[in-house]
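Summary of the model geometry
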Amino acid sequence: MKHVRPTVFLDAFYTHLTPFISTEFDMFPYERARGLLFSLGMSLPILYGALAQDYVRAAFMTLGALLALLLDPRSQALKQMAAIVIGVLAVIVSAALGLTLVGHSQLAIAALMIFGFLAGQPKPEHAYWGLLGKYLATALLLAQLGFPASASIGIAYFAGALLALMLILLQGWMYKTDEIAHSPNNEFFQIIKGDTNGPLYGLTLPLTILAATISADWMHVTQPGWVGLTILFVMHIDDRLSWHHLWDRILGTLLGILIAYIAVRYIDQIGLAIVVALFAFWIPYSLRKSYLLFSLVITVTVMVAINFALLPKGDLQLMSWRFLDTLIGCFWVAIALIMTHGLHARKAKLD
């Protein structure tokens, strides 16, 4: 057996911590500006909910703002408006479709396969359609599996997105930033012309989600849809990157849940708005710098928002279930990676 030096594990640990302990802080000006947008867009609804005691709508306004800010192509104002409004409405329609398929298992599985296949087609450089495809599949799956979805929630979700859009346009008018824009139109035509991840990955993604969801349902987890969500955002066409994402997702989710638990347990409702603002600020920076950091800040902000929707009682056990869902999802991603690696190796031998 080959001897592994103990320092190998220390080197790996240091590699994961480097983004946090580096003496050279390299946040770009546009990341600070966008960080402020995430802070305001996600915390203002929580502040409103705390003052008006309108917890459910406030929480989904926060989640709608998050999607709008992530979908922002950072280009001309009209393109930003079209991309965000169309994208958010598409996610709401996908959730509505998921609701209509409740009780129709065969149709639900067929829809999941189609949406999962399409979500797996955009390449990493297709930022807008890659993210939107994952959100469409997530909305369909969560609505099918009992995550709260109704007309009033859809309206609140869209209202949060419009709030974020107004903040985006206001920032573009008041403070110009030098950042790389992307074109949803160009990405769409590239995908249509065949610049995709291919059918193998497209089929692997929904089959992995289906297997993981069935296993989560067999284990009687409270929200099996979160397992599918984990797979959608962890799996990557690059196997090596997927393995890194696995460990980063697990550690980031664990740390995020611990922070969110402490916040919800000991901080008052207005204080929760400050917590969301503080952690949401780091989302743009983490997207470029560290998937571990991204997993942490997303977990804190989303779990605080979801638990906020359950106030005044709350549900702290939801935190532990969320971590279990992440472990199940990551386990199935690992299985899928091992199987696809075997298929690629066999194909290489035949060639």
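Reading the values: rules and limits
- Residues numbered from 1 in each chain as written.
- Predicted model: local features only at pLDDT ≥ 70, side-chain atom pairs only at ≥ 80, totals over all residues.
- Heavy atoms only, no water.
- Helix = DSSP H or I, 4+ residues; strand = E, 2+ residues; numbered from the N terminus.
- Buried < 20%, exposed > 50% of the residue type's maximum accessible area, 1.4 Å probe, protein only.
- Contact = heavy atoms within 4.5 Å.
- Areas by Shrake-Rupley, 256 points an atom, 1.4 Å probe, with all protein chains shown as cover.
- Expected span 1.5 Å × (residues − 1).
- Bend = angle between axes of the 7 residues up to and from the residue.
- Core = buried A, V, L, I, M, F, W, Y, C linked by side-chain atoms within 4.5 Å.
- Phe/Tyr/Trp six-rings, centres within 6.5 Å; stacked < 30°, edge-to-face > 60°.
- Lys NZ or Arg CZ within 6 Å of the ring centre and 35° of its normal.
- Polar contact = N/O pair within 3.5 Å; in protein donor to acceptor, adjacent residues only side chain to side chain.
- pLDDT = per-residue confidence, 0-100.
- Salt bridge = Lys/Arg side-chain N within 4 Å of Asp/Glu carboxyl O.
- Axes fitted to C-alpha atoms, helices over the stretch in contact; angles between N-to-C directions.
- Parallel < 35°, antiparallel > 145°, perpendicular 65-115°, else oblique.
- Left-handed = near helix turned anticlockwise from the far one by under 90°.
- Nonpolar A, V, L, I, M, F, W, Y, C, P; charged D, E, K, R; others polar.

**A closer look at the overall build of the chain**
Secondary structure summary: the chain contains 15 helices and zero strands in total. Sorting the 351 residues of the chain into buried and exposed places 50% on the buried side. For the chain, restricting intrachain contacts to residue pairs at least 6 apart in sequence, the fraction spanning at least 24 positions comes to 81%. About 17900 Å² of surface is accessible on the chain, with carbon and sulfur atoms providing 70% of the total.

**With respect to helix H2 (residues 29-52)**
A rise of 1.5 Å per residue sets the reference length of H2, with its 24 residues, at 34 Å; its end C-alpha atoms lie 35 Å apart and thus fit the reference within 8%. Maximum bend of H2: about 25°, positioned at Ser43, with proline Pro45 one to four residues after it.

**Side note on the nonpolar core**
In terms of nonpolar packing, the biggest core is built from 96 residues, with Leu66, Tyr135 and Ile283 touching the most fellow members. Here this core takes 13 residues from helix H14 (residues 291-309), the largest share from any one element. The residues contacting Ile283, other than those within four sequence positions of it, are Phe38, Met42, Leu66, Leu70, Phe294, Val297 and Ile298.

**Topic: the environment of Leu112**
When you line up the elements, Leu112 lands in helix H5 (residues 105-119). Linking Leu112 and Pro206, residues 94 residues apart in sequence, is a C-alpha distance of 6.7 Å.

**A closer look at the packing of aromatic side chains**
Between two aromatic rings, the relevant description is the distance of the centres plus the angle of the planes. Applying the stated criterion across every chain, the model contains ten aromatic pairs. Grouping aromatic residues by their ring pairs yields a cluster made of Tyr128, Trp129, Phe188 and Phe189. The ring of Tyr266 carries Arg265 above its face, with NZ or CZ at 5.2 Å from the centroid.

**Focus on the side chain of Gln121**
Examined against the element boundaries, Gln121 turns out to sit in the loop between H5 and helix H6 (127-144). For Gln121, a relative accessible area of 9% translates into the label buried. In this structure the side chain of Gln121 is engaged in a polar contact, spanning 3.2 Å, whose partner is the backbone oxygen of Gly198.

**Brief notes about the confidence of the model for the chain**
Of the residues in the chain, 89% reach a pLDDT of 70 or more, and the chain-wide mean stands at 85. A low-confidence stretch, residues 1-14 (pLDDT under 50), is modelled with two contacts involving residues beyond four sequence positions or located in other chains.

**Points about the pattern of salt bridges**
All chains considered together, the criterion is met by four salt bridges. Between Arg34 and Asp72 there is a salt bridge, and its shortest N-O distance comes to 2.9 Å. One end of the pair, Arg34, is in helix H2; the other, Asp72, is in the loop between helix H3 (55-71) and helix H4 (77-100), with 38 residues separating them in the sequence. For the residue pair Arg34 and Asp72, the accessibility class agrees, reading buried in each case.

**A few points about helix H12 (residues 269-280)**
Here H12 contains twelve residues, and its C-alpha end-to-end distance of 17 Å stays within 8% of the 16 Å for a straight helix at 1.5 Å per residue. Within H12 the residues assigned to the buried category are Gly271, Leu272, Ala273, Val275, Val276, Ala277 and Ala280. Where the residues of H12 are buried, they touch H2, helix H11 (239-266), helix H13 (283-289) and H14.

**Looking at the packing of H4 against H6**
The geometry of H4 relative to H6 is characterised by a closest axis approach of 7 Å and an angle of 25° between their N-to-C directions. When the axis of H4 is compared with that of H6, the two are roughly parallel. Judged by the sense of rotation from one axis to the other, the crossing of H4 with H6 is right-handed. Contacts from Ala83, Gly87, Ala90, Val91, Ser94, Ala95, Leu97, Gly98 and Leu99 in H4 reach Tyr128, Leu132, Tyr135, Leu136, Ala139, Leu140, Ala143 and Gln144 in H6. Partitioning the contact of H4 with H6 into residue classes produces 13 nonpolar, four polar and no charged.

**Points about the environment of Pro224**
One can find Pro224 in the loop between helix H9 (199-218) and helix H10 (225-234). Taking the relative accessible area as the measure of exposure, Pro224 reaches 7% and is therefore buried. Expressed as a C-alpha distance, the spacing of Pro224 and Ile328, which sit 104 residues apart in the sequence, is 9.5 Å. Dropping the residues within four chain positions of it, Pro224 is found in contact with Leu145, Thr213, Ala216 and Asp217.

**Describing the environment of Phe60**
By the element assignment, Phe60 lies in helix H3. On the basis of relative accessibility, which here comes to 8%, the residue Phe60 falls in the buried class. The sequence separation of Phe60 and Met42 amounts to 18 residues, and the corresponding C-alpha distance is 9.8 Å.

**A word on the packing of H6 against helix H8 (residues 184-192)**
Packing of H6 against H8 brings their axes to within 8 Å, and their N-to-C directions diverge by 75°. Considering their axes alone, H6 and H8 lie roughly perpendicular with respect to each other. On H8, the residues touching Ala127, Tyr128 and Trp129 of H6 are Pro184, Glu187, Phe188 and Ile191.

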